[in-house]
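# Chains, contacts and geometry: an overview
The chain contents come next:
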Amino acid sequence: QVQLVESGGGLGQPGGSLRLSCAASGSILSIGDMGWYRQAPGRQRELVASVTSAGTTRYADAVKGRFTISRDNDKNTVILQMNSLKPGDTALYYCNADVNAYRGVDNVFHFNTYLYWGHGTQVTVSS
């Protein structure tokens, strides 16, 4: 069983900073791509940033230059450093990861790459 747990959400001031962390735990052999998504009320979930196992990053235009994604492979953790916060950043933030692991299917464990999601952490930017 694999779990992703986000932390670091909360209240932020416009122009301020928050640091989100997502740690994966469980029977993990390795992790491929990792990323952060967000969803605001009445909006579709959107990609914020992602990072590959090789360290290649990509960002949504709305956060480019303000947010930085990074990963710590030893700790199976992905970080989203959010600077210069704007009210439009208010959303529920989810992390995800492509996890290489064994997983039980019909009482048989198969090795494969599985997409896991955290339960989300709320970020509110307000003065």
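Our structure's up above, just so we're on the same page.
The structure contained in this document is the topic of the report that follows.

Conventions used here
Here, residues in each chain are numbered from 1, in the same order as that chain's written sequence. Side-chain atom pairs in this predicted model are given and counted only at pLDDT of 80 or more, local residue features only at pLDDT of at least 70, and totals for whole chains, interfaces and linings cover all residues. For the side-chain quantities, the full set of heavy atoms in the structure was used; hydrogens and water were omitted. The helix count covers DSSP runs of H or I at least four residues long, the strand count covers runs of E at least two residues long, and both are numbered beginning at the N terminus. Partly exposed residues are those whose accessible area sits between 20% and 50% of the maximum for their type, while under 20% is buried and over 50% is exposed, using a 1.4 Å probe and protein chains only. Working rule for contacts: check all heavy atoms of both residues, and any pair within 4.5 Å makes them a contact. For two strands to pair, DSSP has to find at least two bridges joining them. Note on method: axes are straight lines fitted to C-alpha atoms, helices fitted across the in-contact stretch only, with angles between N-to-C directions ranging 0 to 180 degrees. Cysteine sulfurs are considered disulfide-paired once they come within 2.5 Å of each other.

Quick look at the environment of phenylalanine 109 now. Here phenylalanine 109 is to be found in strand S10 (residues 108-117). You can call phenylalanine 109 exposed: its relative accessible area is 61%. The contact partners of phenylalanine 109, leaving out residues within four places of it in the chain, are Tyr102, Arg103 and Gly104.

Time to look at the environment of serine 7. Inspection of the secondary structure assignment puts serine 7 in strand S1 (residues 2-7). C-alpha of serine 7 to C-alpha of histidine 119: the two residues are 112 residues apart in sequence and 10 Å apart in space. In contact with serine 7, other than residues within four places in its own chain, are Arg19, Leu20 and Ser21.

A separate point is the sheet that holds strand S8 (residues 77-82). Taken together, 4 strands build an open sheet; the order of strands is S1-S3-S8-S7 and the sheet is antiparallel. Single-partner strands in this sheet number two, and they are S1 and strand S7 (67-72). Here the strands of the sheet are splayed against their neighbours by 15° on average, with no regard to which way each runs. Here strand S3 (residues 18-26) pairs with S8 via 6 bridges, running antiparallel. Bridge pairing in S8 links leucine 18 to methionine 82.

Moving on: the state of the cysteines. Structurally, a disulfide amounts to a covalent bond that connects the sulfur atoms of two cysteines. Throughout the structure, instances matching the rule amount to 1 disulfide. Residue cysteine 22 pairs covalently with cysteine 95 via a disulfide, S to S 1.9 Å. Because the torsion about its S-S bond is 45°, the bridge between cysteine 22 and cysteine 95 counts as right-handed. Linking cysteine 22 in strand S3 with cysteine 95 in strand S9 (residues 91-105), this pair joins segments that are 73 residues apart in sequence. A single burial state applies to cysteine 22 and to cysteine 95, both of which are buried.

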